[in-house]
Amino acid sequence: MRATRLHDCPAPAKLNLFLHVNGRRADGYHLLQTVFQMVDHGDMLHFDLRADERIVRTTDVPGVPEQGDLIVRALLLLQAAYARRHGHPPPGIDVAIDKRLPMGGGLGGGSSDAATALMAANALWEAGFSREELMALALPLGADIPFFIFGQTAFAEGVGEALLPVEAPDCWYVVIEPGVAVPTAAIFCSEHLTRDTKPVRITDFSRHTMNRTDSTGFGRNDLQAVAVSLFPPVAQAIDWLSAHGDARMTGSGACVFCAFSSEADADTVLQQVPGIWRAWKAKALMHHPLNTVLQVSAVIE
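Residues numbered from 1 in each chain as written. Predicted model: local features only at pLDDT ≥ 70, side-chain atom pairs only at ≥ 80, totals over all residues. Heavy atoms only, no water.

**Comments concerning the pattern of salt bridges**
Next up, step 1: Under the definition given, this model contains 15 salt bridges.
Next up, step 2: Between lysine 99 and aspartate 43 there is a salt bridge whose closest N-O contact spans 2.6 Å. Taken together, the positions of lysine 99 in the loop between strand 4 (93–98) and helix 2 (109–124) and aspartate 43 in strand 2 (residues 30–49) put the pair 56 residues apart, joining distant regions of the chain.
Next up, step 3: Overall, lysine 99 belongs to the partly exposed group, its relative accessible area being 37%.
Next up, step 4: Between arginine 57 and aspartate 69 there is a salt bridge, with its nearest N and O atoms 2.8 Å apart. Residue arginine 57 is found in strand 3 (residues 55–57), and its partner aspartate 69 is found in the loop between strand 3 and helix 1 (70–86); the two are separated by 12 residues along the sequence. Here arginine 57 and aspartate 69 have matching classes, each one buried.
Next up, step 5: One connected set of salt bridges, linked through shared partners, spans Asp43, Lys99 and Asp113. (Salt bridge = Lys/Arg side-chain N within 4 Å of Asp/Glu carboxyl O. Helix = DSSP H or I, 4+ residues; strand = E, 2+ residues; numbered from the N terminus. Buried < 20%, exposed > 50% of the residue type's maximum accessible area, 1.4 Å probe, protein only.)

**With respect to the packing of helix 1 against helix 2**
Next up, step 1: For the pair helix 1 and helix 2, interaxial distance at closest approach is 8 Å and the crossing angle is 35°. Viewed along their axes, helix 1 and helix 2 form a crossing whose handedness is right-handed. Contacts between helix 1 and helix 2 involve Leu70, Ile71, Ala74, Leu75 and Leu78 from the former and Gly110, Ser111, Asp113, Ala114, Ala117, Leu118, Ala121 and Asn122 from the latter.
Next up, step 2: Its residues assigned to classes, the contact of helix 1 with helix 2 shows nine nonpolar, three polar and one charged. (Axes fitted to C-alpha atoms, helices over the stretch in contact; angles between N-to-C directions. Left-handed = near helix turned anticlockwise from the far one by under 90°. Contact = heavy atoms within 4.5 Å. Nonpolar A, V, L, I, M, F, W, Y, C, P; charged D, E, K, R; others polar.)

**A word on the pairing of strand 9 (residues 256–260)**
Next up, step 1: Where burial is concerned, most of strand 9 is hidden: five out of the five residues are buried.
Next up, step 2: Residues Val256, Cys258 and Phe260 point to one face of strand 9 and Phe257 and Ala259 to the other, with burial holding for every one of them.
Next up, step 3: Here strand 8 (residues 248–249) pairs with strand 9 via two bridges, running antiparallel. Its bridge partner lying in strand 9, methionine 249 is registered against valine 256.
Next up, step 4: Linking strand 8 back to strand 9 in an antiparallel pair, the connection comprises six residues, with glycine 251 at a positive phi of about 55°. (Pairing = 2+ DSSP bridges.)

**A few points about helix 6 (residues 202–209)**
Next up, step 1: Every buried residue belonging to helix 6 is among Asp204, Phe205 and Thr209, and all of these are buried. Taken end-on, helix 6 shows its buried residues confined to a sector of 115°, consistent with a single buried face.
Next up, step 2: Looking at the packing, one finds that the buried side of helix 6 touches strand 1 (5–24) and strand 2. (Arc of directions from axis to C-beta.)

**Section: the pairing of strand 7 (residues 172–177)**
Next up, step 1: Summarising burial for strand 7: six of the six residues are buried, a large majority.
Next up, step 2: Side chains Trp172, Val174 and Ile176 of strand 7 all project onto a buried face; the interleaved residues Tyr173, Val175 and Glu177 project onto the opposite face, where all are buried too.
Next up, step 3: Direction of pairing for strand 7 relative to strand 10 (residues 278–285): antiparallel, over a ladder of six bridges. Bridging from a neighbouring strand, glutamate 177 pairs with arginine 278 of strand 10.

Next comes the structure, spelled out in structure tokens:
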């Protein structure tokens, strides 16, 4: 019997341990190198099959219309792919979201939500799509979504879609939300953005982190200089957190993070964060919590 619901499905945040812009393609997309690291803090999604074929987001998300939500768009793509493969559409799904990650924070919240939705629906529908097929299906919606489906710490190149597994330290992070939303387009369109960073090799990152207990010190975030010039709260958060380690921005902003070798060290810093900011700690995740959903059927509730 097919399962009818999957509740408490995590959509973890990601951090870019470094982010280099190596060039720009003729179509305007930027060539990047980064290491994506998931952490154990994020949104939580809940899925229930419907009696009809509609995809319905049952939670209001301020500033994100339902039909523009990456979750809904991803599920519609998978529903259409299912219909092509099986000759008939699957049942619809109600999606509820416990939203914790801020918009415009560089944490990949919307992309992670969409990836979790694809993995959960693939299981609920018993659709049979492989990890690679789901990654290819999701890529047109955004380069971060395939990473979450890939499901482990990854060295990424191209526009972010060329992924290789990489080891990173099993450390803790303190993340500060400066309280502003940084639009990705504003950063990538800036004439001040550095676009010619020399490419590195995956072995360069691995060699640097091999004997470390945290993820600090390798490379930089090329988008950070533009973001701090446009959004002073980001600069202020970096300045404060830098007193405790190698603080940097994740993604295109606005959130700022710093790595620590132990939870106790992270707690010590977290307790000192000024009250003007929201801050939290998180542990590095080596694998996505839903990795097994792609290999086993959903549990019937």
